[in-house]
Amino acid sequence: MLIGCSVLIALLFLCAFFWANKSGQHEDTFTPSIRILFEDEVTEDDSSSK
Amino acid sequence: MRRNVEIVASCYHCGDEVTDTPYVMEDHTFCCLGCQTVYQILNENNLQSYYTYNVHPGKAQKSSQADLSYLDEPNIIAKLVDYQDTEIGVITFYIPVIHCSSCVWLLEHLYKLNPAIASSQVDFMKKQTSITFKNQEISLRELVQLLVNIGYEPKITLQDVVKEGKKINQGALVRKITVAGFCFGNSMMISFPDYFGMGVFEREYASFFGYMNLAFGIPVLLYSASDYFTSAWYSLKQRRLNLDVPLALGILVLFLRSAFDILNQSGAGFIDTLCSLVFFILIGKWVQQRTYYHISFERDYRSYFPVAVTVIQDHDERPIQIAELQVGDRILVRNNEIIPADAILLNGYAAVDFSFVTGESKPIEKTLGELVYAGGRQIGGAIELEVVKPVSQSYLTRLWNNESFKSYDKNFDTFVGLISKYFTVALISIAMLAALLWAFGGNADRAWGAFTAVLIIACPCALALSSPFTLSAALSIFDKNKLYIKNTSAIEQMAAIDTIVFDKTGTISSPTSSAMYFEGELTKMERQIVSSICRNSSHPLSREIVKWLAEDFIVPIERYAETVGMGQEGIYQDYVVRIGSAGFVNQSRMTVGGSVVYVSVNDNIKGFFTLEQSWRTGLSDVINELKKNSYHLHLISGDNERRADTLRLIFPEQTKLLFNQTPSDKMTRIEAWQHEGKRVCMLGDGLNDAGALRTANLGIAVSDDINNFSPGCDAILDGVSFDKLPRFFAFAGDAVKVIKISFVISMLYNVVGLSFAVQGTMSPLFAAILMPISTVTIISFTSLMTRWYANRRKLI
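What you see is a predicted model, and the numbers here were worked out from it, not measured in a lab.

Side note on the overall build of chain A
Summing up its helical and strand segments, chain A has 3 helices and 0 strands in all. Relative to its 50 residues, chain A shows a buried fraction of 0%.

Have a look at this one:
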């Protein structure tokens, strides 16, 4: 029973990996590291929100 | 003491030095109108953040604009876009200027510039941007124009049109690895109780565990390992033995024996060993296949030819696709455009830069009625030509369409390939021998056990891993030193090289660092005038002259005039100065090589500037080092013998220095050497070397910008690392040495394993331990040894 559960959970992770791989998560591993540094709207919105 | 305090203003957009009258806008200075326009566009759209992420993120906008009208042709559009329907279109552009985070930011905020752009995404490493746009509201041409306006001109070439499925898809392999890894982990977990000993209560579950294991083994056998079976089958069909044969045999026997044991309830089987084996060898395969996705090694003339060309029909200009170009068409080639087919010059002043073809950057002047070969870049005004040969038949492209050339596949035996022949034979004979011995001893059970155990234990897992791990470690070390090698087998090929052939222009001479000489004499005043005149011109030679003269003081020039492709003139006080070609200054041509610029003051020739490309740094050291390591060296150049004497001094005496070689001459030369049994490495750069690069056992393209054009080759060497060449060759030899040593180690493991196996006393636990241990030893040994050798060669 427990073994069945563990295998099932492992299968879930396997599927999750397939999904990520297919949706192209691992294709570009460099650009997101730049993208995260951008701030949302640095310009005049700041002054209005204060 | 007076000191000259020099304040160099730099362009807010691109960071270039602002030389003459700067363009000023909102406290920021710009070097040219182009940069200012980009700033203006961004400013109007609240995109100033572009300038906050980096200082001077832009690239200079000085280059002139290209004609984009071909982007209105529906059939061209259809070939360029990735996807389109009535509402949206998706297109991926290659934009070479992407270089910093500001670029990424701006290109991903394109929707702010034009609402018709739905979204855009940048892949930094590949320098690509894929844009989703509403094609009712913005045409492809407008989209490209927008990108050009903000300084991100996409490079659209013929290769984009002829899209070929060249992408190596690793997705399937990754999936196979994950399946194998998943089964490996689970079956290991299930096998543990058996290894540690089970209580009486647990014994009840032993058969259940066995069936579970078997269930995990089936996907590994059928899915993950399927490649090995097909590969082994093909190689058997061709009556050759590659390494996949013993691997596939081992895997199959492992599974059959385990299934037999489990179903008979006679043992626990080796499913976990099977899974780990497949898992590790697949990882080895993955490591081997990993290459540089951002560098293209397969570029040919198409990646450099434009998509369309302007054709004149009944006084009408119309862009048509290169492929539709026919003999007899009149084409219009503007400044900086490429001549797509062999054609006869009909109209205009042609100065054609064949640097892509020959590596020689000096523009060649053509007279009316002369044949102009495809691949040249027109510099100066627009010219009209009549096509005499279709694109696919032209002098340049013929090289690629040559049948013998196309089918030529580099085929050579790698060390592992060589070994695996003997290995397989030896393995099967040992297995047979062991089985026969036990069978004659009247122990049939043991015979079967020994036979299968031999095949299992000797399965060349470690051997299969040693070469990919060593070579990929070597690959990354070459990568750090800016030698980009296409694949791992090219390294083994590199180690076997005994003859090195150099091209001259652009390969051993550096295209970027050239030395300027002036013959004649100029007074201080004349120097200032020449410098002031040349400042007005954007011609590369004029810039070189300004740099060389290094005069700070600028005199006001009157009646400045530039005749494109000829020269320039100007008047200061009573000096009438003309600077330009021999014809421009009324000078009868002198036989001086290189690019020559004459200077005349009041119709008196004062002298001339010549520009000679200088050799790459460390050339003579490289040659000496290679000579010491007993490589045969040769030089093949398409150029004339202008500088043969200096080369004689650098190269050893027995070197063949061949000049005036056509591209096909180069190719046949290399073939001739290969027939002599030499293993030839060719170093070249231009398209004229492409044939030679392809024919040679190892073709290395020398380039100063790896993302720039380079012909098809096995490796791309950044010009900066040219001096490391001898060390690269030595290190490739070291890598092969490491493979051989690790082969010996894996053999030792096999001998230990076999001594147990032939006795028929191999337990699943023993196999489960020995297999991973040998694998881990080989992986760590090869990586450590490769790094150690690299350290010794001072490559890291």
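A look at the overall build of chain B
Tallying secondary structure elements over chain B gives 28 helices and 28 strands in all. Expressed as a percentage of the 796 residues in chain B, the buried residues total 42%. Sequence-distant contacts, at least 24 apart, represent 66% of the contacts inside chain B between residues at least 6 apart.

A short note on the sheet that holds strand E7 (residues 308–313) of chain B
All names here are of chain B. If you trace the 6 strands from one edge of the open sheet to the other, you get E8-E7-E9-E15-E10-E13, paired in antiparallel fashion. Each of the sheet's edge strands pairs with one partner strand only, and the pair in question is strand E8 (316–321) and strand E13 (371–372). Across 2 bridges, strand E10 (residues 343–347) lies against E13 in antiparallel orientation. Opposite Ile344, over in E13, you have Leu371 as the bridge partner.

Quick notes on the environment of Asp503 of chain B
Residue and element names in this part refer to chain B. Residue position: Asp503 is located in the loop between strand E17 (499–502) and helix H20 (504–508). Judged by the 28 C-beta atoms lying within 10 Å of it, Asp503 is buried. Distance from Asp503 to Asp689, taken between C-alpha atoms, is 7.6 Å for residues 186 residues apart in sequence.

Looking at the sheet that holds strand E12 (residues 364–366) of chain B
With antiparallel pairing, 3 strands are arranged side by side in an open sheet as E12-E11-E14 (chain B). What marks the edges here is a single partner per strand, and that holds for E12 and strand E14 (377–378) of chain B.

A short note on the nonpolar core
Residues and elements named next belong to chain B. Ile251, Val278 and Val454 are the most contacted members of the largest nonpolar core, which totals 122 residues. It is helix H18 (residues 461–480) that contributes the most residues to this core, 12 residues altogether. Not counting residues up to four positions away in its chain, the partners in contact with Ile251 are Leu221, Ala225, Tyr228, Leu274, Leu277 and Val278. Listed in part, the 57 residues of the second largest apolar core include Cys31, Val38, Ile95 and Phe133.

A look at the packing of helix H12 (residues 271–289) of chain B against H18 of chain B
Residues and elements named next belong to chain B. The N-to-C vectors of H12 and H18 enclose an angle of 25°; their axes lie 8 Å apart at closest approach. Put simply, H12 runs roughly parallel to H18. When you trace H12 past H18, the crossing you get is left-handed. Residue-level contacts link Leu277, Phe280, Ile281, Gly284, Lys285, Val287 and Gln288 of H12 to Cys461, Ala464, Leu465, Pro468, Phe469 and Ser472 of H18. Its residues placed into classes, the contact of H12 with H18 shows 9 nonpolar, 3 polar and 1 charged.

With respect to the confidence of the model for chain B
All names here are of chain B. When pLDDT is averaged along chain B, the result is 78; 84% of the residues meet or exceed 70. When pLDDT is averaged over each element of chain B, E17 comes out on top at 90 and helix H15 (residues 403–407) at the bottom at 43. Across residues 403–411, where pLDDT falls below 50, the model places 6 contacts with residues more than four positions away in sequence or in other chains.

Describing the interface of chain A and chain B
One widely used convention gives an interface's size as the accessible area the parts lose upon coming together. With 15 residues of chain A at the interface, the matching set in chain B holds 17 residues. Those elements that provide at least two residues to the side of chain A that touches chain B are helix H1 (2–22) and helix H2 (31–35) of chain A. When residues of the side of chain A that touches chain B are assigned to their parent elements, the largest contribution, 6 residues, is made by H1 of chain A.

A short note on helix H8 (residues 171–196) of chain B
With 26 residues, H8 of chain B should cover 38 Å at 1.5 Å per step; its first-to-last C-alpha distance of 37 Å lies within 8% of that length. One or two positions beyond H8 of chain B, positive phi appears at Gly197 of chain B, with a value near 90°.

Details of the environment of Asp227 of chain B
When you line up the elements, Asp227 of chain B lands in helix H10 (residues 226–237). Distance from Asp227 of chain B to Leu282 of chain B, taken between C-alpha atoms, is 9.7 Å for residues 55 residues apart in sequence.

Looking at unusual backbone geometry
Residue and element names in this part refer to chain B. The backbone of Gln573 shows a phi angle near 50°, a positive value even though the residue is not glycine. With respect to the secondary-structure elements, Gln573 resides in the loop between strand E20 (567–572) and strand E21 (575–580). By C-beta crowding, Gln573 is classed as exposed, having 10 other C-beta atoms within 10 Å.

Digging into the packing of helix H11 (residues 244–264) of chain B against helix H17 (residues 444–457) of chain B
Residues and elements named next belong to chain B. Axis separation between H11 and H17 bottoms out at 8 Å; the angle between their running directions is 135°. Classified by the angle their axes make, H11 and H17 are oblique. H17 is crossed by H11, and the crossing has left-handed handedness. Across from Leu249, Gly250, Val253, Leu254 and Arg257 in H11, the residues of H17 making contact are Thr452, Leu455 and Ile456. Of the residues that constitute the contact of H11 with H17, the class distribution is 5 nonpolar, 2 polar and 1 charged.

Side note on the pairing of strand E15 (residues 383–387) of chain B
All names here are of chain B. On E15, burial follows the alternation: Ile383, Leu385 and Val387 on one face are buried, whereas Glu384 and Glu386 on the facing-out side are not. Two elements, strand E9 (residues 330–333) and E15, share 4 bridges in a ladder whose sense is antiparallel. Directly across from Arg330, in E15, lies its bridge partner Glu386. As judged from the 4 bridges shared by E10 and E15, these two strands associate in the antiparallel manner. Within E15, the residue paired with Leu345 across the bridge is Leu385.

Some words on the confidence of the model for chain A
Residue and element names in this part refer to chain A. Summarising the model, chain A shows a mean pLDDT of 72, and 72% of its residues fall at 70 or more. At the level of individual helices and strands, chain A shows its lowest average pLDDT in helix H3 (residues 45–49), which scores 40, and its highest in H1, which scores 84. Ignoring residues within four places in sequence, the model shows residues 43–50, a span with pLDDT below 50, making 3 contacts including any to other chains.

Some thoughts on the pairing of strand E19 (residues 558–563) of chain B
All names here are of chain B. Among the 6 residues in E19, 0 count as buried, and that is only a small part of the element. Note: E19 against E20, 4 bridges, orientation antiparallel. Bridge pairing in E20 places Thr563 opposite Gly567.

Quick notes on H1 of chain A
Residue and element names in this part refer to chain A. Taking 1.5 Å of rise per residue, the 21 residues of H1 would be expected to cover 30 Å, and the 30 Å separating its terminal C-alpha atoms lies within 8% of that figure. Little of H1 is tucked away: 0 of the 21 residues are buried. With its phi angle positive at about 85°, Gly24 sits one or two positions after the end of H1.

Topic: the environment of Gly567 of chain B
Residues and elements named next belong to chain B. Its place among the elements puts Gly567 in strand E20. Sequence separation between Gly567 and Ala582 is 15 residues, and the spatial gap between their C-alpha atoms is 9.3 Å. Residues contacting Gly567, with those up to four places away along its chain left out, are Arg578, Ile579, Gly580, Ser581 and Phe584.

Conventions we followed
Within every chain, residues take consecutive numbers counted from 1 along the sequence as written. Chain letters start at A and ligand numbers start at 1, both assigned in the order the entries are written. This being a predicted model, a pLDDT of at least 70 is required before a residue's local features are given, and a value of 80 or more before pairs of side-chain atoms are given or counted; all residues contribute to the totals for chains, interfaces and linings. Here a helix means four or more residues in a row that DSSP labels H or I, a strand means two or more in a row labelled E, and each is numbered from the N terminus. Residue burial is a threshold on neighbouring C-beta atoms within 10 Å of the residue's own C-beta, all placed from the backbone, with 20 or more meaning buried, 12 or fewer meaning exposed, and counts in between meaning partly exposed. In this description, any two residues whose backbone-derived C-beta atoms lie within 7 Å of each other are considered to be in contact. In short, DSSP must find at least two bridges between two strands for them to pair. Remark: nonpolar core denotes a set of buried Ala, Val, Leu, Ile, Met, Phe, Trp, Tyr and Cys residues whose joining runs through C-beta atoms within 7 Å. Lines are fitted to the C-alpha atoms to define the axes, a helix being fitted only along its stretch in contact, and any angle between axes, read from their N-to-C directions, falls within 0 to 180 degrees. These descriptions rest on fixed angle ranges, namely under 35 degrees for roughly parallel, over 145 for roughly antiparallel, 65 to 115 for roughly perpendicular, and the rest for oblique. In this scheme the handedness of a crossing depends on how the near helix is turned from the far one: anticlockwise by less than a right angle means left-handed, clockwise means right-handed. Residues were grouped as follows: Ala, Val, Leu, Ile, Met, Phe, Trp, Tyr, Cys and Pro as nonpolar; Asp, Glu, Lys and Arg as charged; and all remaining residues, including Gly, as polar. For every residue, the predictor reports its confidence as pLDDT, a number between 0 and 100. For a helix, the expected span equals 1.5 Å multiplied by the residue count minus one.

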